[in-house]
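Here is what each chain is made of, one letter per residue.
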Amino acid sequence: MSNLTVNAVKEEVRAWLQENWDAGLSLVEWRNKLADSGWGVPDWPGQWYGRDLPVAMLPEIEEEFAEVNAVGVARSGIRMLAAATILEHGNDLHKKEFLRRILTGEDTWCQLFSEPGSGSDLAGATTRADFDGENWIVNGQKLWTTSAHHADYGLLLARTDWDVPKHQGLTYFILDMTQPGVDVHQVKQMNGHASFNQVFITDATVAPQYRVDEEGAGWRVAMTTLAHERRNADGMNRLNRDSGLPGAIYEEERKEVATVMEPYKWYPQRAGRVDLVMQRAKQTGRIENASVRQEIAKLLIMSKSAEWTARRARAAQELGMPQGPEGSLGKLAASNVAKQASGVHTLISGADALLTGSDGAMDGLIAEVLVSVPAVSIAGGTDEIQRNIIAERVLGMEKEPRFDSGPFKDVPRNVV
Amino acid sequence: MQFAFTEEQHQFKDVVKRFLREKSPTTEVRRLMETDDGFDPVVWKQLSDELALPSLIVPENYGGAGFGFVELSIVMEEMGHSLLCAPYFSSVVLAANAILNVGTEKQKLDLLPQIASGSIRATLAVTESSGRWNAAAVELVAETDGDEFTLQGEKCFVVDGHTAGKIVVVARLEGSEGDDGISFFVVDGDAPGLTKSLLKTVDPTRKLARLEFNSVQAEPLGEPGAGMGALTKTLDQAAIALSNEMIGGAQYLMDSTVEYSKVRMQFGRVIGSFQAIKHRCADMLLLLELAKSAAYRAAAALDEGDESVPVLANMAKSAASDAYIQIAADSIQIHGGIGFTWDQDTHLWFKRAKSSEVFLGDPAYHRELMMQRWGEGI
């Protein structure tokens with residue numbers, strides 16, 4: 001990407017914004033213009049609301065948007081995972097019907113993968129889709145579904161063939177969440193929040209044209225969705241920043257982001273809030289205690305080393321060196337850091353660790369750390385699964401013998 | 001901030017690695033650890049003449065190669081990996097740095113070229129029988145009579161103290177206490193009044209000596225009484241270098257243990273296919289890589305003149321000590337009964353892990369010091 005090209009693109013988008021950006025438009029009106037021009041998602045194909053530009057160009061273009069405080073397309077939540085999956089595996093009908101309304105923010109999406117009976121073993125899904133000659137009829141339960149209670153569509157992984165090994169019998173569908181057979185219940189967590197839902201699906205229908213990719217290709221398609229999930233996490237942090245600007249279009253955007261981000265508001269606490277440790281230790285005077293100091297030091301060493309390990313992985317990547325083991329360790333490291341941080345916060349708080357809400361330390365924030373950290377070693381791949389991945393892919397150790405490689409109908413599974 | 005080795009540093013690492021794998025197989029380690037001197041003069045000469053390793057961090061105007069701590073750490077990592085038995089840590093890491101930190105220009109011009117060429121082997125004597133690594137614990141007294149200084153007292157845990165040709169001694173001026181009066185001196189290894197005795201060490205690959213100073217005439221290194229800053233700096237540098245040596249040893253254990261788990265059969269399958277073993281190995285790798293990051297970060301910070309060096313030194317030493325001994329214990333565990341035998345090599349690294357954990361202060365000591373130095377963070 002030469003400087004010449006970068007400058008030309010920057011000039012082009014600047015001119016377009018000058019011509020078109022209007023804070024007086026409604027959010028949907030404006031985003032339709034973005035979709036038509038291709039400036040909302042410039043890295044997407046020209047045929048589908050993009051401009052075929054390299055991803056590396058995006059920050060340059062975002063800079064121009066920021067310059068005039070122009071709002072971007074809807075990006076928060078599961079919708080971008082849906083878009084990426086449809087772009088890669090969907091047909092033209094899917095692209096035509098869904099992509100624009102994803103970008104405008106008119107539709108909200110959710111991901112129907114995990115189930116009560118299959119957590120770590122995602123491919124063991126037992127929600128079934130049977131073709132009745134006209135439609136796919138879906139029955140089963142999904143769990144940990146963020147935003148399902150206000151989603152218009154769901155990315156559904158369902159079993160369509162029980163006679164083949166488990167990964168081969170899954171098919172990927174787009175499910176209309178607003179139909180009668182879809183029943184959404186919020187799941188209250190041990191920390192009092194209800195960020196996820198359980199979705200009961202009873203004789204819900206999916207028309208044949210809303211199958212994504214081939215029958216039996218569901219696992220491969222789901223891998224695309226999951227691959228984008230991690231990448232999306234970084235982007236979400238960026239989106240969290242509030243423009244703070246007055247005006248109707250900004251209000252609309254703020255409301256949209258707030259709704260999508262609501263389930264994630266305790267996430268900093270589940271990571272352990274290492275940033276609060278020294279401040280709390282000084283305020284409470286516990287910094288004077290030698291054994292507390294030892295535990296704080298262990299935490300700071302672990303947390304900083306994890307940060308430097310991520311920096312090493314990035315530096316090697318930027319130099320085009322082969323990825324070393326340091327790139328695969330982040331999740332497990334973060335889990336260890338969170339657990340140590342929870343212990344340190346308890347040590348620092350003493351008896352105050354007994355109290356929560358307005359009676360608790362920092363208005364209940366510390367209590368929220370203590371009861372949220374257990375999630376960090378489970379969500380997004382348990383510590384045990386992470387250790388398996390590290391041992392098998394980084395250290396090249398053998399897999400455990402499997403008991404689920406035959407036809408799925410014969411595989412022992414949970415009785416729901 | 002440097003977070004990746006350069007191409008040149010990778011090449012340098014390869015050269016050092018090849019040399020050490022050839023010169024320091026475990027058969028040699030086992031031979032040398034049974035000797036009193038604890039090193040092979042032929043290999044020492046080769047690593048001095050062919051690779052010029054003792055000259056590495058000595059500036060060019062003192063006859064050195066003028067490289068930095070990142071390069072020194074690369075050498076230390078490889079030496080730790082191969083468990084090299086040689087007076088490199090004592091002569092280069094401890095003595096040369098101390099002289100660089102405290103010596104006068106004339107002393108540097110006199111002493112450093114000899115250390116850089118490998119023709120003399122020096123060491124640094126700080127700790128005494130109290131086993132404490134801070135200035136306040138120094139009791140050995142430098143008595144003065146005009147311009148002449150004589151040392152009175154004893155030093156303990158002196159690396160290669162029984163074989164070094166020059167000994168840099170940390171002493172205190174008469175009547176001083178705490179951080180005051182800290183002074184550096186140089187004495188010859190065969191100075192009259194100096195009695196050297198080899199200690200029986202848990203780790204036979206790193207030799208330690210007790211030195212008794214009975215009115216030993218000594219030349220002040222730098223200005224007597226003004227050595228506190230240099231002592232702190234030298235110990236921080238040494239902790240960082242030792243941390244890098246430790247992660248090299250831990251890497252060896254990690255690799256050899258994973259390899260063993262892939263061939264050892266029990267219950268009809270390789271033990272490395274059991275999650276109980278795999279998860280232990282994954283945890284070992286995490287410990288190792290985090291400690292490596294801290295050790296690398298600290299070494300780079302030294303070269304970058306980062307003001308956080310003291311804190312980073314404590315973090316690196318604590319992380320490397322904990323990681324190395326845990327990985328060593330896990331390695332023995334995964335090897336099972338054979339890992340507890342003398343003929344299997346794991347115990348050689350386990351013992352180095354144990355000696356490194358304690359040398360220059362144990363992890364708890366470094367964590368406490370780190371907290372005292374933390375300030376507004378790093």
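Residues numbered from 1 in each chain as written. Chains lettered and ligands numbered in written order. Predicted model: local features only at pLDDT ≥ 70, side-chain atom pairs only at ≥ 80, totals over all residues.

This part covers the overall build of chain A. Along chain A, the regular secondary structure elements total 13 helices and eight strands. Taken over C-alpha atoms, the radius of gyration comes to 24 Å for chain A, in line with the 22 Å a tight globule of 416 residues would show. Once the C-alpha set of chain A is aligned to its principal axes, its extents read approximately 70 × 60 × 50 Å. When burial is assessed residue by residue, chain A has 39% of its 416 residues classed as buried. Restricting the contact set of chain A to residue pairs at least 6 apart, pairs at least 24 apart contribute 71%. (Helix = DSSP H or I, 4+ residues; strand = E, 2+ residues; numbered from the N terminus. Rg over C-alpha atoms; globule rule 2.2 N^0.38 Å. Buried ≥ 20, exposed ≤ 12 C-beta atoms within 10 Å, placed from the backbone. Contact = placed C-beta atoms within 7 Å.)

Residues and elements named next belong to chain B. Two elements in contact, helix 7 (residues 228–263) and helix 9 (residues 309–335), have axes separated by 8 Å at closest approach and are oriented at 25°. As summarised for this structure, helix 7 and helix 9 are arranged roughly parallel, according to the angle between their axes. The way helix 7 lies across helix 9 gives a crossing that is left-handed. Across the contact of helix 7 with helix 9, the residue classes tally to 19 nonpolar, seven polar and two charged. (Axes fitted to C-alpha atoms, helices over the stretch in contact; angles between N-to-C directions. Parallel < 35°, antiparallel > 145°, perpendicular 65-115°, else oblique. Left-handed = near helix turned anticlockwise from the far one by under 90°. Nonpolar A, V, L, I, M, F, W, Y, C, P; charged D, E, K, R; others polar.)

The domains assigned to chain A are domain 1 (3–73), domain 2 (92–96 + 107–234) and domain 3 (267–380). Between the C-alpha centres of domain 1 of chain A and domain 2 of chain A the distance comes to 32 Å. (Domains from an automatic or database assignment.)

To continue, consider the pairing of strand 3 (residues 148–159) of chain B. All names here are of chain B. Direction of pairing for strand 2 (residues 141–145) relative to strand 3: antiparallel, over a ladder of five bridges. Bridge pairing in strand 3 links Asp145 to Glu148. Once strand 2 ends, the chain turns through two residues before running back antiparallel as strand 3, passing Gly146 with a positive phi of about 75°. Across nine bridges, the pairing between strand 3 and strand 7 (residues 208–221) is antiparallel. In the strand pairing of strand 7, Glu154 is matched with Glu212. (Pairing = 2+ DSSP bridges.)

Looking now at the packing of helix 9 of chain B against helix 10 (residues 346–358) of chain B. Residues and elements named next belong to chain B. Where helix 9 contacts helix 10, the axes come no closer than 9 Å and their chain directions differ by 155°. Taken together, the axes of helix 9 and helix 10 are roughly antiparallel relative to one another. Crossing handedness for the pair helix 9 and helix 10: left-handed. Contacts from Ser321, Tyr324, Ile325, Ala328, Ser331, Ile332 and His335 in helix 9 reach Thr346, Trp349, Phe350, Ala353, Lys354, Ser356 and Glu357 in helix 10. Per-class residue counts for the contact of helix 9 with helix 10 are seven nonpolar, five polar and two charged.

Turning our attention to the confidence of the model for chain B. Averaged over all residues, the pLDDT of chain B is 97; the fraction at 70 or higher stands at 100%. For this predicted complex, the interface confidence comes out at an ipTM of 0.96, alongside a pTM of 0.93. (pLDDT = per-residue confidence, 0-100.)

Residue and element names in this part refer to chain B. Considered domain by domain, chain B is made up of domain 1 (7–120), domain 2 (123–225) and domain 3 (229–373). On the side of domain 3, 24 residues touch domain 1, which itself brings 20 residues to the contact. Listing elements by their share of the side of domain 1 that touches domain 3, those giving two or more residues are helix 2 (26–33), helix 4 (69–82) and helix 5 (88–102). Residue contributions to the side of domain 1 that touches domain 3 peak at ten residues, all from helix 4. In terms of residue class, the side of domain 1 that touches domain 3 is made up of eleven nonpolar, seven polar and two charged.

Between chain B and chain A, the contact holds 29 residues from the first and 34 residues from the second. Contributing elements (two or more residues each) for the side of chain B that touches chain A: helix 7, helix 8 (275–304), helix 9 and helix 11 (363–373) of chain B. Here the side of chain B that touches chain A takes 13 residues from helix 8 of chain B, the largest share from any one element.

Moving on, we get to unusual backbone geometry. Across the chain, the bulk of peptide bonds are trans and the bulk of non-glycine residues have phi less than zero. Residues and elements named next belong to chain A. Its identity as a non-glycine residue notwithstanding, Asn69 has a phi of 55°, on the positive side. You can see Asn69 is positioned in the loop between helix 3 (58–67) and helix 4 (79–89). If you check the backbone angles, Asp363 has positive phi at about 60° while not being a glycine. Looking at the element boundaries, Asp363 is found in the loop between helix 11 (330–349) and helix 12 (365–372).

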